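Secondary and tertiary structure notes
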Amino acid sequence: MLMFQELIVSKVKDGAYDISSRSLMLLGDLCRNLSTMLRRHCSTEHAPKNDAFPYFDSLRSLSDVPSEDCDIFMKHIFNAIESALYLSDTALLSKCSSYLEEAAFSLTASCVVTTFPSVQFDYRKFMPLGKWVVSSAPARVDLSGGWSDTPPISYEFGGAVACLAVTLCNRKPLSARCRLASDISGIKLTVENRDIDNGEIKEIDTVYIETANDMSDFRDPLAKCALLKCAFIALGTIPIPPGNSSNNETEDGILYTLRKMQIGLELVSTSLLPHGSGLGTSSILAACILSSLGRCLGLESMTDKHALIGKVLNLEQLLSTAGGWQDQVGGIYGGLKLCTADKNVIPVHVDVEQYEIPDKALTDFNERLVLAYSGQPRLAKNILQNVLRQWAKRSPDIVKNVHDLVNGARQCITSIQRNNFKELGTLLKTYWAQKKIMAGENSGVEPIGIKRIFDLLSSEGVTEGHALAGAGGGGFMTLILCKGMTIEDANNVLDNYENIGRESLKWYTCKLCSEGLESFTADDSSSFNIDWHDIKA
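In this convention, every chain numbers its residues from 1, walking through the sequence in written order. Whole-chain, interface and lining totals are the exception, using all residues; otherwise, since this is a predicted model, local features are given only for residues with pLDDT of at least 70 and side-chain atom pairs are given and counted only at 80 or more. Side-chain measures were taken over the full set of non-hydrogen atoms in the model, leaving aside hydrogen atoms and water.

**Thoughts on the overall build of the chain**
Heads up, the rule is: Numbering of helices and strands runs from the N terminus, with a helix taken as a DSSP run of H or I at least four residues long and a strand as a DSSP run of E at least two residues long. Radius of gyration means the value over C-alpha atoms here, while the globule rule gives 2.2 Å times the residue count to the 0.38 power. For the exposure calls, accessible area comes from a 1.4 Å probe over protein chains only, and a residue counts as buried if that area is under 20% of its type's maximum, exposed if over 50%, partly exposed in between. Contacts were defined at the residue level, with two residues in contact if any of their heavy atoms lie within 4.5 Å.
On a plain count of helices and strands, the chain comes out with 17 helices and 15 strands. Against the compact-globule benchmark of 24 Å for 537 residues, the chain has a radius of gyration of 24 Å, which places it among compact chains. When its C-alpha atoms are laid out on the principal axes, the chain stretches across 65 × 60 × 40 Å. For the chain, with 537 residues in total, the buried portion stands at 56%. Contacts in the chain between residues far apart in sequence, at least 24 positions, make up 75% of those at least 6 positions apart.

Dropping the structure here:
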């Protein structure tokens, strides 16, 4: 324990957040395992009273703790761990584990996030009243390499992901729109989920912002409109809320400017996809939000697609979702691409290489790549934590698996260019097996019903390959059909079996989208138009 304490404190003081983050992750995992072991034997839980509790919150932002206080904070935390072990207090050990892992994520974010400087507004560059700035984007399908893009893996090992931009039902399913208006006071934020066929509202949440403190829950992914709130902070248009009331209006950033101009701002995000899709929805929506908001306020940096990648990465660290970079790359850039990041480069720098697909291969691809919503939103909430715990321990199997993930991404690009779908299907199945290794046993990454569907379609010769999109645990299934097979053939096979969740499946036509994120203006006399999601080229 003393070794951990000395190492963490010294590396935090030195600003070596990558090393201190891994140390905290390992210590948190140790506490979690000890709690599990003690629970089997003695299961003692005391009332939650401990001198370290007031210091737990400081762990969440350890990189901001003054160096002279770092020793004090860590000594209290280690005293809590020793006390828990002495008393066999499993509840306290579990609490220590949770906070240590949160601290590890916070330090990892410090390795990723660039600064959030306040921007100077030039109202002459603002979008005129009466105009929406609409940014729409395709969804992302990952083919191989996922998890290698996730910090700290991406900057400790190096990452490579092969992914596609796709339309569903011939529509780009994600968008955001922003406008300045005289009929609004402050900022109006709206998150809406609409039907992909007709655009009808399925779910909607709206929040009104008058001061920066109205955004104080921006770090909570479950808070209403949290993604939109984080966008203002990531762009530097509103400072991070101080958490207390302030009479200084200039601390409100864009809100102060809007008050002076006697206008308001409305920002809306729209998804045509089910929740927990695994198609990069949150990250790509974040890119759309940043693009539409930035363009509406005349921020030229948000017209740069590469700058958007970094801004989304920053935004997700603010939101405490600790995401990687493949999702936003998948939607910002069109078509087939290989996105990479070199190891030992902090902050992370992502390179994107786009590839042309021969006409014959493109035709076959659009016929044989299909998506099916499993009917199960992603329920395995701890998949990311499991992956990062495993990576922190650096077992030979995990290191080899990450190596294979990176190599598989490059192999997928080659197989598509060769129009070799049998090889691509094999690579996709291998990728799915690699994802399951990363998530670990009993992670819930592959629900039993989905496994049965995969096995049946493969054994009956309907599919060449399969995987769950994104992290897994539910959401969309990515399938490569065998030559000559159709969605109808897949349904016919599944209809012969009971209790496999066939009735919950919803099939989507899926096509490669050469367009990435695109922005345009529209008259704000229409609050929404489904045509905004159609391909513009």
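Right, picking up where we left off after that structure.
**What to know about the side chain of Thr167**
With respect to the helices and strands, the residue Thr167 is situated in strand E3 (residues 159-168). Thr167 gets classed as buried once you look at its relative accessible area, which sits at 5%. Residue contacts for Thr167: discarding those within four places in its chain leaves Lys172, Thr509, Cys510, Lys511, Cys513 and Ile535.

**So, helix H14 (residues 396-417)**
Here is the rule we go by: Here the expected span of a helix is defined as 1.5 Å times the quantity of residues minus one.
The terminal C-alpha atoms of H14 lie 32 Å apart, and with 22 residues this matches the ideal 32 Å at 1.5 Å per residue to within 8%. Of the residues trailing H14, Asn419 is marked for its positive phi of about 60 degrees.

**With respect to empty space enclosed by the protein**
Going by this rule: For cavity detection a 1 Å grid was placed over the protein atoms alone, and a set of points counts as a cavity when a 1.4 Å probe fits there but cannot get out; an open set counts as a pocket when protein lies on both sides within 12 Å along at least five of seven lines, with lining residues being those that have an atom within 4 Å of a point. Grid points are joined across faces, edges and corners, and a volume is the space filled by probe spheres set on the points. Residues are grouped as follows: Ala, Val, Leu, Ile, Met, Phe, Trp, Tyr, Cys and Pro are nonpolar; Asp, Glu, Lys and Arg are charged; every other residue, Gly included, is polar.
If you walk through the whole model with that rule in mind, you get 3 cavities of 30 Å³ or more. Roughly 90 Å³ of internal volume is contained in the largest cavity. The class makeup of the residues in the lining of the largest cavity is 7 nonpolar, 2 polar and 4 charged. Roughly 50 Å³ of volume is contained in the second largest cavity. Taken together, the residues of the lining of the second largest cavity sort by class into 5 nonpolar, no polar and 4 charged.

**With respect to the sheet that holds strand E10 (residues 369-373)**
For clarity, the threshold we go by: Pairing between two strands is assigned when DSSP locates at least 2 bridges connecting them. Inter-axis angles, ranging from 0 to 180 degrees, are taken between N-to-C directions of lines fitted to C-alpha atoms, where helices are fitted over the stretch in contact.
Judged by pairing direction, the sheet is antiparallel, and its 4 strands sit side by side in the order E11-E12-E10-E13 without closing on themselves. In this open sheet, the two edge strands, each paired with only one partner strand, are strand E11 (463-468) and strand E13 (506-508). In this sheet, adjacent strand axes meet at a mean angle of 25 degrees when their direction is disregarded. Where E10 lies against E13, 3 bridges are found, and the strand directions are antiparallel. In the strand pairing of E13, Ala372 is matched with Trp507. In this fold helix H15 (residues 421-439) packs onto E11 and strand E12 (476-481), with an angle of close to 30 degrees to the strand it touches most, E11. Across the sheet, helix H17 (residues 487-494) lies against E10, E12 and E13, angled at about 165 degrees from E13, the strand it touches most.

**Some thoughts on the pattern of salt bridges**
Selection rule: We define a salt bridge as a contact between a side-chain nitrogen of Lys or Arg and a carboxyl oxygen of Asp or Glu at a distance within 4 Å.
Across all of its chains, the model carries 26 salt bridges by this definition. For the salt bridge of Asp29 with Lys393, the shortest nitrogen-to-oxygen distance reads 3.2 Å. With Asp29 in helix H2 (residues 17-41) and Lys393 in helix H13 (residues 383-393), this residue pair connects regions lying 364 residues apart in the sequence. Taking relative accessible area as the criterion, Lys393 reaches 45% and is therefore assigned partly exposed. One salt bridge connects Glu192 with Arg177, and the closest N-O pair in it is separated by 3.1 Å. With Glu192 in strand E5 (residues 186-194) and Arg177 in strand E4 (residues 174-181), the pair connects residues that are 15 residues apart, well separated along the chain. The residues Glu192 and Arg177 share a single accessibility class, namely buried.

All we've got here are geometric facts, nothing functional implied.
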